[in-house]
Amino acid sequence: MIGGFKPYRAMTDSGVPWLGNVPAHWKLLPACAVYSPRHVKNAGLIENTVLSLSYGKIIVKPVEKLRGLVPESFETYQVVDPGNIIVRTTDLQNDQSSLRIGHAHQRGIITSAYMCLETRPVVSNDFGYQYLNAYDLLKIIYGFGSGLRQNLDFSDIKRMPVLVPPRPEQAAIVRFLDHADRLIRRYIRAKQKLIKLLEEQKQAIIHRAVTRGLDPNVRLKPSGVEWLGDVPEHWEVKRLRFLTQEKLTYGANAAAEHTNPEWPRYLRITDFAIDGALRGDTFRSLPPEIARDYLVEAGDILLARSGATVGKAFLVPEGAGEVCHAGYLIRARPRRDLIDPRFLFAFTQSAGFSRWKDSTFIIATIQNIGADKYANLSVPVPPIQEQSAIMAFLSRATESVRKAIGGARHESSLLREYRIRLIADVVTGKLDVREAAAGLPDEAEESELPAESEVLTDTEEESVPDEIDSQPEEAEA
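Let's shift gears to the nonpolar core. With 51 residues, the main nonpolar core has Tyr35, Leu117, Tyr131, Ile173, Phe176 and Val426 as its most contacted residues. Elements with a contribution of two residues or more to this core: β8 (85-87), β11 (115-119), α1 (125-137), α2 (154-157), β12 (161-164), α3 (167-212), α9 (399-427) and α10 (434-438). In terms of residues, this core owes the most to one element, α3, which gives eight residues. If we skip the residues at most four places from it in the chain, Tyr131 touches Leu19, Tyr35, Pro161, Val162, Leu163 and Val427. Core analysis: the next-biggest nonpolar cluster, separate from the first, contains 34 residues, Leu228, Ala313, Ala332 and Ile390 among them.

This is how it looks when you write it as structure tokens:
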């Protein structure tokens, strides 16, 4: 993809385990000799452009996402100038997946909970960012401080080792990485567009089956629901509340800080893999005395009620063990004599459900669909045996599409891994890219969102729904 790689001729042991051998002519300095903390309060509201760290990028935060903040509160924010490096050093214990380093390209304000850094003259600003970006991608930051800490400040990382090439070499590294990053992102975006098209194809197959059945000649009748349209004449349309064993219930509002394997697992959106299985690397648990009121079982449907993932649905898989659910998830326990949990879940993946969701949002400080709204969801209900036949058909009909989606996601994942490894190897001196950089064409800077944001990843900073302290009244079954 990008040629001209070769190792440096003269290498020396850095004495740092994760750096290993490094170019002999590079310096190894403490972070305090390369970066300096910056603290400029927004006293007097001198700036009003609110910035946000999202998917490793510093972006302007839309007004609708300010979530109730009033202008006076922005005095506690800090002023950010172009070139500043922003480090999110909060919540390290609970979140070891999100990107934490951002590079500011415009003036604005950002929460003072984040660390703002300037580069010293020994490095170029762009190289200083790329070096910390590599440490972010490799998760090096989690090794600093006294053990695993919730938050860090500059005193915790000021002795962190930083490799410093000569300035001309820094320029070559930045030039090469900018080019490589644009190219890799272009490939990833192409994969994401393919995935989107395949997902739309799968959704159309599901929608047809769960709203019209398998018989193309079946007689239809008006469902009485605008977004649902006609349904087979012998089907019923019921509110979700009449298809559940009990009222829809909210989960536990508790911090996901425990990892005791003997306690019930605490299910959050981030615990579900793309294929619906439970991830093994995100395990959190709650004490039994808290979890017992929020236990779920295989076949339960969990519905997201707020934030960027509002309207997402998850089917608790078989073999999940003893699990409970988070407060921003609503549990619906299907009546199996009326509806197959797999059929109900498939309906939540249909275009009809998406239309209902879009028409149901309560727009306040955040998008929200409460248990009362979910309870009133109209669901097409075929006879139970027909539901089983529909699910068998969908398993066959969507198999090739699911495989294609899985393949595209795997290729996208490989590209991301390659990007991480490339950045890390270049800024830590494992690859000499000076010759490759010299042969690169001049390219105009692309104006684009990061490829990571094109597919929602629930572990990213702004994609996980806010925990809500006070819960609305639970919906009656």
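Here the distance between the centres and the angle between the planes together describe a pair of aromatic rings. Taken as a whole and judged by the stated rule, the model has 10 aromatic pairs. Judged by centre distance (5.2 Å) and plane angle (85°), the rings of Phe74 and Tyr77 are edge-to-face. A relative accessible area of 9% means that Phe74 is categorised as buried. Every member of this aromatic cluster is reached through a ring pair, and the members are Trp227, Phe347, Phe353, Trp356 and Tyr374.

A separate point is helix α8 (residues 384-397). End to end, α8 covers 20 Å across 14 residues, agreeing with the expected 20 Å (1.5 Å per residue, within 8%). Of all the positions in α8, only Gln387, Ile390, Met391 and Leu394 are classed as buried. Buried residues of α8, viewed axially, fall in a sector of 100°; they line one side. In α8, the exposed positions that point more than 90 degrees away from the buried face belong to Gln385 and Arg396. On its buried face, α8 sits against α3, α5 (341-347) and β25 (378-381).

Okay, the side chain of His207 next. Mapping His207 onto the fold places it in helix α3. A relative accessible area of 16% means that His207 is categorised as buried.

Take the pattern of salt bridges next. Pairs can form between side chains of opposite charge whenever their charged atoms are close. Throughout the structure, instances matching the rule amount to 24 salt bridges. The salt bridge involving Asp271 is made with Arg268; its shortest N-O contact spans 3.0 Å. Across the pair, exposure class does not vary: Asp271 and Arg268 are buried alike. A salt bridge links Glu399 to Lys403, with the shortest nitrogen-to-oxygen separation between them at 3.4 Å. Of this pair, Glu399 and Lys403 are both found in helix α9, four residues apart, which corresponds to roughly one turn of the helix. Within this structure, Arg38, Glu47, Asp81, Arg107 and Glu118 form a network of salt bridges that share partners.

So, about the sheet that holds strand β21 (residues 323-325). Strand order in the open sheet formed by three strands is β17-β21-β18, and the pairing between neighbours is mixed. The open sheet terminates on both sides in strands that have one partner only, identified here as β17 (265-267) and β18 (295-296). The pairing of β17 with β21 spans three bridges and is parallel. From the neighbouring strand, Leu267 faces β21, where its bridge partner is His325.

The next subject is the environment of Pro82. Mapped onto the elements, Pro82 comes out in the loop between β7 (78-80) and β8. A residue is classified by how much of its surface remains accessible, and Pro82, at 51% relative accessible area, is exposed. Sequence separation between Pro82 and Arg107 is 25 residues, and the spatial gap between their C-alpha atoms is 5.7 Å. Residue contacts for Pro82: discarding those within four places in its chain leaves Ala104, His105, Gln106 and Arg107.

The residue Thr428 is located in the loop between α9 and α10 in this model. Thr428 has contacts with Leu19, Asn21, Val22, Pro23, Trp26 and Leu163, leaving out every residue within four places of it along the chain.

The backbone phi angle of Leu45 is positive, close to 55°, even though this residue is not glycine. Overall, the relative accessible area of 38% leaves Leu45 in the partly exposed class. One non-glycine residue, Tyr55, lies in positive phi territory at about 55°. Following the sequence through the fold, Tyr55 ends up in the loop between β5 (51-54) and β6 (57-60).

The alternating pattern of strand β19 (residues 301-304) places Ile301 and Leu303 and Leu302 and Ala304 on opposite faces, both of which are buried. Pairing between β19 and strand β20 (residues 313-315): three bridges, direction antiparallel. Looking at β20, one finds that Leu302 is bridged to Phe314. In this structure, β19 lies alongside strand β22 (residues 329-332), joined through four bridges in antiparallel fashion. Across the sheet, Ala304 pairs through a bridge with Leu329, a residue of β22.

Now for the pairing of β25. Here β25 shows a buried face lined by Ser378 and Pro380 and a second buried face lined by Val379 and Val381. By the bridge criterion, four bridges tie strand β15 (residues 236-239) to β25 in an arrangement that is antiparallel. Directly across from Arg239, in β25, lies its bridge partner Ser378.

In this section: the sheet that holds β22. Strand order in this open sheet of four strands is β16-β22-β19-β20, and the pairing throughout is antiparallel. The sheet is open, and its two edges are formed by β16 (249-250) and β20, each paired on a single side. Across two bridges, β16 lies against β22 in antiparallel orientation. Residue pairing for β22: Tyr250 is matched across the bridge by Ile330.

The subject of this paragraph is empty space enclosed by the protein. Following the criterion strictly, the structure yields three cavities of 30 Å³ or more and no others. The space that makes up the largest cavity amounts to roughly 80 Å³. If you go around the largest cavity, the residues you meet are Val87, Arg100, Ile101, Leu132, Tyr135, Asp136, Ile141, Ile157 and Met160. In terms of residue count, the dominant contributor to the lining of the largest cavity is α1 (three residues). Broken down by class, the residue content of the lining of the largest cavity amounts to seven nonpolar, no polar and two charged. In this structure, the second largest cavity occupies an estimated 40 Å³ of space. If you go around the second largest cavity, the residues you meet are Leu240, Ile301, Leu303, Ala332, Leu344, Thr348, Phe353, Tyr374 and Leu377. Counted by class, the lining of the second largest cavity contains eight nonpolar, one polar and no charged residues.

The rules behind each value
Residue numbers here run from 1 along each chain, matching the order of that chain's written sequence. Restriction of local features to residues with pLDDT of at least 70 applies here, the model being predicted, together with a cutoff of 80 or more for giving and counting side-chain atom pairs; totals for whole chains, interfaces and linings are based on all residues. No hydrogens and no water enter the side-chain calculation; it runs on all heavy atoms of the structure. Residues enter a nonpolar core if they are buried and are Ala, Val, Leu, Ile, Met, Phe, Trp, Tyr or Cys, with the set joined through side-chain atoms within 4.5 Å. Summary of the burial criterion: residues with accessible area below 20% of their type's maximum are buried, those above 50% are exposed, and those between are partly exposed, where the area comes from a 1.4 Å probe applied to protein chains only. Segments assigned H or I by DSSP are reported as helices when at least four residues long, segments assigned E as strands when at least two residues long, and all are numbered from the N terminus. Any two residues whose heavy atoms approach within 4.5 Å at even a single point are treated as in contact. Centre distance within 6.5 Å is the pairing criterion for rings of Phe, Tyr and Trp, where only the six-membered ring of Trp is used; planes under 30 degrees apart are then read as stacked, over 60 as edge-to-face, and the remainder as tilted. Residue count minus one, scaled by 1.5 Å, sets the expected span of a helix. Taking the helix axis as origin, the arc is that swept by the directions to the C-beta atoms. The term salt bridge refers to a pairing of a side-chain nitrogen on Lys or Arg with a carboxyl oxygen on Asp or Glu at a separation within 4 Å. Pairing between two strands requires that DSSP report at least two bridges joining them. Site definitions follow a grid-based scheme: protein atoms alone, a 1 Å grid, a 1.4 Å probe that fits but cannot get out for cavities, and for pockets an open set with protein on both sides within 12 Å along at least five of seven lines, plus lining residues having an atom within 4 Å of a point. Grid points are joined across faces, edges and corners, and a volume is the space filled by probe spheres set on the points. By the convention adopted, Pro, Cys, Tyr, Trp, Phe, Met, Ile, Leu, Val and Ala count as nonpolar, Lys, Arg, Asp and Glu as charged, and the other residues, Gly among them, as polar.

On their own, these measurements won't tell you what the molecule is for.
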